[in-house]
2 protein chains.
Amino acid sequence: MEDDAVIFIGDKPVMNYVLAVMTQFNKPIASVILKARGRAISRAVDTAEITRNRFMPNLTVKNIIIGTESIPNEEGKMVNVSSMEIILTKQES
Amino acid sequence: MEDDAVIFIGDKPVMNYVLAVMTQFNKPIASVILKARGRAISRAVDTAEITRNRFMPNLTVKNIIIGTESIPNEEGKMVNVSSMEIILTKQES
């Protein structure tokens, strides 16, 4: 089994990320980690839920971790932003 | 100990919800559950993180659950929307 695959959720349409999750799970990997910050957090949850409901019923959420990251804004000032990781695994049927 | 308190995250400023969490934890309750749907999911994570980082260092995330709910849109048509629950507890110091 390969390591985990990481998918960074940005502001593309959610179906892009759903496709990315399914592509990764076509390889022999243990889990896929969705990483998102700020407003993309909602899209990360959408990605997990749409993938599970419509395409991969055997997909399970192994863990969800939230945190805070300090990143530079447009003016270079450091600001705090919320972050989330959703760890997805495939239940062997 | 009273039961859990539930706070529904909407589109008010995040500090409203931070204050609500702290108000609830001033009562003898076991945990506070933040419930959010759709885009408010990011604000729920902000609420948990700001409360923990700035006001309640002993706040811990006991569990995070994601799901999908079917709700009527403006035209009355049933649509799926992602949902999340963040269960917060206070670590006894």
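Residues numbered from 1 in each chain as written. Chains lettered and ligands numbered in written order. Predicted model: local features only at pLDDT ≥ 70, side-chain atom pairs only at ≥ 80, totals over all residues. Heavy atoms only, no water.

Student: Honestly, the interface of chain B and chain A in this entry has me stumped. Any pointers?
Tutor: Facing the 18 residues of chain B at the interface are 18 residues of chain A. Contact between chain B and chain A buries roughly 1300 Å² in total, counting both sides, with carbon and sulfur atoms accounting for 61%. Linking chain B with chain A are zero salt bridges, by the criterion used here. The interface formed by chain B and chain A includes eleven residue pairs in polar contact (both at pLDDT 80 or more). If you list the elements that add at least two residues to the side of chain B that touches chain A, you get helix H2 (40–55), strand E3 (59–72) and strand E4 (78–90) of chain B. (Contact = heavy atoms within 4.5 Å. Buried area = accessible area lost by both parts, 1.4 Å probe. Salt bridge = Lys/Arg side-chain N within 4 Å of Asp/Glu carboxyl O. Polar contact = N/O pair within 3.5 Å; in protein donor to acceptor, adjacent residues only side chain to side chain. Helix = DSSP H or I, 4+ residues; strand = E, 2+ residues; numbered from the N terminus.)

Student: Whenever I open this one, the relation of the copies chain B and chain A confuses me. Can you help?
Tutor: Both copies of the chain are related by a screw-like operation: a rotation about an axis and a shift along it. The two copies are related by a screw motion: chain B maps onto chain A through a turn of 180° and a shift of 0.0 Å along the axis, at an RMSD of 0.0 Å. Both copies of the chain, as the preceding transformation shows, are related through a two-fold rotation axis. No C-alpha of chain B lies nearer the rotation axis than that of Ser42(B), which sits 2.8 Å from it. The share of interface residues of chain B whose copies in chain A are also at the interface is 100%, consistent with both copies meeting through the same surface. (Least-squares fit on C-alpha atoms with pLDDT ≥ 70 in both.)

Student: In this structure, what is going on with the pattern of salt bridges? I would like to understand it.
Tutor: Close approach of charged atoms allows side chains of opposite charge to pair. Residues and elements named next belong to chain A. Counted by the stated rule, this structure contains six salt bridges over all chains. The salt bridge involving Glu85 is made with Lys35; its shortest N-O contact spans 3.7 Å. With Glu85 in strand E4 (residues 78–90) and Lys35 in strand E2 (residues 31–37), the pair connects residues that are 50 residues apart, well separated along the chain. Overall, the relative accessible area of 28% leaves Lys35 in the partly exposed class. (Buried < 20%, exposed > 50% of the residue type's maximum accessible area, 1.4 Å probe, protein only.)

Student: Any chance you could explain the side chain of Thr47(A) here in plain terms?
Tutor: One can find Thr47(A) in helix H2 (residues 40–55). Since its relative accessible area comes to 0%, Thr47(A) is described here as buried.

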